[in-house]
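Architecture and fold: a report
The chain contents come next:
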Amino acid sequence: MSQPLNPKPPFRVVADCVSDFIAGLQCSLKSGVNLNCTFTIEFRTDVYRFLFGDKGHCAHNKEGRLYSLDDFCKEYFCGEWYRCYDSLGDGCEVDFPIRLCS
């Protein structure tokens, strides 16, 4: 019997992985990363496949895939997780598409 390509992990596991992803992204945004900066976040493969398995498109001449904001499931990636602003309204946000590698 073959394994399904995108089995649904438990909600808590997905939520924890997404929380770690957002925390890492927010940390990078707060530190003022530039457009070409990369950072690494540990992310379970089963959760990655569940969230992004058939989404995104090929990143030509680069490893990974490109994802637009619409590729991020609103059930798990809610609110303005891709933005970081201070109380004065100064800050930055992710310039989509972004490249993710598994």
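Now for a quick tour of the structure.

Criteria and cut-off values
- Residues numbered from 1 in each chain as written.
- Predicted model: local features only at pLDDT ≥ 70, side-chain atom pairs only at ≥ 80, totals over all residues.
- Heavy atoms only, no water.
- Helix = DSSP H or I, 4+ residues; strand = E, 2+ residues; numbered from the N terminus.
- Buried < 20%, exposed > 50% of the residue type's maximum accessible area, 1.4 Å probe, protein only.
- Contact = heavy atoms within 4.5 Å.
- Areas by Shrake-Rupley, 256 points an atom, 1.4 Å probe, with all protein chains shown as cover.
- Pairing = 2+ DSSP bridges.
- Polar contact = N/O pair within 3.5 Å; in protein donor to acceptor, adjacent residues only side chain to side chain.
- Core = buried A, V, L, I, M, F, W, Y, C linked by side-chain atoms within 4.5 Å.

Moving on to the overall build of the chain. Regarding its fold elements, the chain presents 2 helices and 5 strands. What you see in the chain, going N to C, is helices and strands ordered as α-α-β-β-β-β-β. Across the 102 residues that make up the chain, the buried fraction comes to 27%. For the chain, the proportion of contacts with a sequence separation of at least 24, taken over those separated by at least 6, is 64%. Only carbon and sulfur atoms are counted for the fraction: they give 51% of the accessible area of the chain, which is about 7300 Å².

Right, let's get into the sheet that holds strand S1 (residues 57-58). An order of S1-S2-S5 is seen for the 3 strands of this open sheet, with the pairing classed as antiparallel. Lying at the two open borders of the sheet, with one neighbouring strand each, are S1 and strand S5 (98-100). Alignment of S1 against strand S2 (residues 65-67), held across 2 bridges, turns out to be antiparallel. When the bridges of S2 are listed, Cys58 appears paired with Arg65.

This part is about the environment of Lys55. Note on placement: Lys55 falls in the loop between helix H2 (45-52) and S1. The class of Lys55 is partly exposed, set by a relative accessible area of 24%. In the structure, Lys55 is positioned 11 residues away from Leu66 in sequence and 8.8 Å away in space, judged by C-alpha atoms. In contact with Lys55, other than residues within four places in its own chain, are Arg65, Tyr67, Asp71 and Cys73. Here Asp71 takes part through its backbone oxygen, which lies 3.3 Å from a polar atom of the side chain of Lys55.

A word on the nonpolar core. Counting 21 residues, the largest nonpolar core has Leu51, Phe52, Phe72, Phe77, Trp81 and Leu100 as the members making the most contacts within it. Of all the secondary structure elements, the ones that give two or more residues to this core are helix H1 (11-30), H2 and S5. For this core, the element with the highest residue contribution is H1, accounting for 7 residues. The contact partners of Leu51, leaving out residues within four places of it in the chain, are Val14, Val18, Phe43, Asp71, Cys73, Tyr76 and Phe77.

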